Amino acid sequence: MANIEAAREPCAMANSLEFDLSKDSLRDLNLFLHRDAHRSGVTEVVVNHPDGAHSIACGMNSPTNIQIHGHVGYYVAGMNKHASVTVHGNAGPGAAENMMSGRVHIRGFASTAAGASAHGGLLVIDGDASLRCGISLKGGDIVVGGSVGSFSAFMAQAGRIVICGDAEDALGDSLYEAVIYVRGEVRSLGADARFEPMTDADRKVVAQLLALAGMSFDPAEFKRVASAKSLYHWHADADQEY
Amino acid sequence: MSTPHLEESAGFDRQTIDYIQRASASGLYEIRGLGAKRRVPNFDDLLFLAASLSRYPLEGYRERCSTKTVLGTRFASRPIELAIPITIAGMSFGALSARVKEALGRAATEVGTSTTTGDGGMTSEERDSSKTLVYQCLPSRYGFNPDDVRRADAIEIVIGQGAKPGGGGMLLGQKVNPRVARMRTLPEGVDQRSASRHPDWTGPDDLVIKIKELREITDWEKPIYVKVGATRVFNDVKLAVHAGADVIVVDGMQGGTAATQTVFIEHVGIPTLAALRQAVDALEDLNMRGTVQLVISGGIRSGADVAKALAMGADAVAIGQGVLFSLGCNSDTYISGGEHRSAVEDYARIGAAPGFCHHCHTGKCPVGVTTQDPVLELRLEPAVGAKRLKNYLKTLNMEMTTIARACGKQDVHHLEREDLVALTVEAAAMARLPLAGTSWIPGS
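Residues numbered from 1 in each chain as written. Chains lettered and ligands numbered in written order. Predicted model: local features only at pLDDT ≥ 70, side-chain atom pairs only at ≥ 80, totals over all residues.

*Asks:* Whenever I open this one, the confidence of the model for chain A confuses me. Can you help?
*Replies:* Interpreting fine coordinate detail is not advised for predicted regions of low pLDDT. When pLDDT is averaged along chain A, the result is 93, and 91% of the positions lie at 70 or above. Between residues 1–7 of chain A, whose pLDDT stays under 50, and residues either more than four places distant or in other chains, the model counts five contacts. (pLDDT = per-residue confidence, 0-100. Contact = placed C-beta atoms within 7 Å.)

This is the structure we're talking about:
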């Protein structure tokens, strides 16, 4: 990695390093992030000209601050652990998929399956998120400043999703224990999802997540969607719901 | 008194009538474990043409016959090296107990092969006991995490399973105990129905990108397998090659499961024999044989089956049900404290009997193999299970090399289609091998 590090332009900030993906390879970037960033004391990595590249900063396992300036393709910050990744642009499918911890912030819009099967951490999307946002969620938190597409939170098992805009069809289909808070209109709920009364604890959760995301909506405007749990066990009368 | 005239209907026989009446009483389809019970063309329908005057055999007991198998040579910097071409198929912790997973790992390690996780994440027992462990990435992503990705030896993206291609996993509530629930992030006791589609990609174009993501995460070190249930195998294998797989696993319809609908097990997918030939055709069509390795599974039982699979073009096989039978599945006894103890009454309690049991889904396995019950799981002692499985794998290996030597091969991977003939017209058509004693290949 010495040659790669030597080729990097140090940023103005101390312990910061810049990669330019119009010249540097994705492999070199990710290898540096996986093996050398933390060890070498670099605390911030700036990525310029991502130009829609896939898998940028996936597999992170250190508390590195990564700033990506431009639009990214699939799986940015996939399986993230510990790192803080900010995309100053839009993200393709699977942003922060299977995230374990840390924070991923999409300043623009996110495509399909944002935060899919995330076990932990916080995913913030300032704009809209497309289909299946938070699908198979396993404990992470997602805050969407805009609206979400159909089948968002499909089979979400644990974690929380705050939607500041509207939700398209089949929100929360086949939910387990994840909870959705939605501020706008819900075109339709999915199988086994239902509206439930907001409690003080719910409003507190929404306020906390909005604060972490840097958003300032009134928690009182949100509705709670959770599982009716009627599909938790097989029974003959529910067969059409399977 | 004359004998009554009792004529059973072919279409509505007693079994069919029983099915209709059970459906009428319950309003639910049957769920069960293991694989297809119907007879389909299989490796028994092939025969080897060993050496004679036109071929030269190896000395059966003296000359070496290599079984070394390398998987994942296409892109991974650390391919998998195995001593034998017989691997342990993916089976979940949840379907199996942690003690069974440990037994599988110990046996696999002792004979120099790999074992595979399943739809429940990786347990410490199987990682610690397995020298070579393949980590499955399934649609459910239960327990899937980057730490285990990093400590795996290969990643297997599961698209489908031979017992239920197109369907998701299933684990009924009685097996979702606190540990299983915790690993899968599910409520205890829930009837778990896994997704059938991956959450973050759809279709082969996306799969290209997904595989590259996994390669980036693993720094291009670990082989990426793609596993498909056998349906449109020719096309699926080609798409998997294009997607960038190092290894392709094709699971035929005889493959087992811990639980799914009987209608799925018996009526969906194609036989392993037919699937294998389609897979090999696809690789040959792309000139990728030897570059992308092929693992075949689904009803492999004996060394003869393994040898035939290799001769048809597989690089290795994966075994699931055979492994479970080796551990004692469907045996009338289990071994405890070195003694055989009868399990017959426990079979009867769940409406089964040794040799007929497929009640893996109940979690009440009388021999402690497919259970999470804290009492029943003790019936499988990891050391005992590992020894039995090691014996089984060694036996398969000896049978396979016996055949290979008789065919004049110094390496089991030198077995070839020319060494085989078919015993039935159906097998000849599916495997596209000549019917024994003729040069006729149906359709050619």
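*Asks:* What's the story with the interface of chain A and chain B in this structure? I'm lost.
*Replies:* Where interface size is quoted, it is often the accessible area lost as the parts come together. Every contact between the two is made by 36 residues of chain A and, on the other side, 23 residues of chain B. Secondary-structure elements contributing two or more residues to the side of chain A that touches chain B are helix H2 (26–36) and strand E8 (138–144) of chain A. Among the elements that take part in the side of chain A that touches chain B, H2 of chain A stands out by supplying three residues, more than any other. Of the residues in the side of chain A that touches chain B, the class split is 16 nonpolar, 15 polar and five charged. (Helix = DSSP H or I, 4+ residues; strand = E, 2+ residues; numbered from the N terminus. Nonpolar A, V, L, I, M, F, W, Y, C, P; charged D, E, K, R; others polar.)

*Asks:* For this particular structure, what's the right way to read unusual backbone geometry?
*Replies:* The bulk of non-glycine residues show a negative phi, and the bulk of peptide bonds are trans. Of note in this structure, methionine 155 of chain A is not a glycine but carries a positive phi near 55 degrees. For methionine 155 of chain A, a count of 26 C-beta atoms within 10 Å puts it in the buried group. Notably, asparagine 287 of chain B is not glycine yet its phi reads approximately 55 degrees, a positive angle. Of note, asparagine 287 of chain B is situated in the loop between helix H9 (272–285) and strand E14 (293–297). Under the C-beta neighbour-count criterion, asparagine 287 of chain B is labelled exposed, with 8 such atoms within 10 Å. (Buried ≥ 20, exposed ≤ 12 C-beta atoms within 10 Å, placed from the backbone.)

*Asks:* Help me out: how do you make sense of the pairing of E8 of chain A in this one?
*Replies:* Here is the key point about a regular strand: its side chains alternate between the two faces of the sheet. Residues and elements named next belong to chain A. Here E8 lies mainly inside the structure; seven of its seven residues are buried. Alignment of strand E7 (residues 122–125) against E8, held across four bridges, turns out to be parallel. Its bridge partner being in E8, valine 124 is matched across the sheet by valine 143. Relative to strand E9 (residues 158–163), E8 is paired through five bridges, and the arrangement is parallel. For aspartate 141, the partnering residue across the bridge sits in E9 and is arginine 160. (Pairing = 2+ DSSP bridges.)

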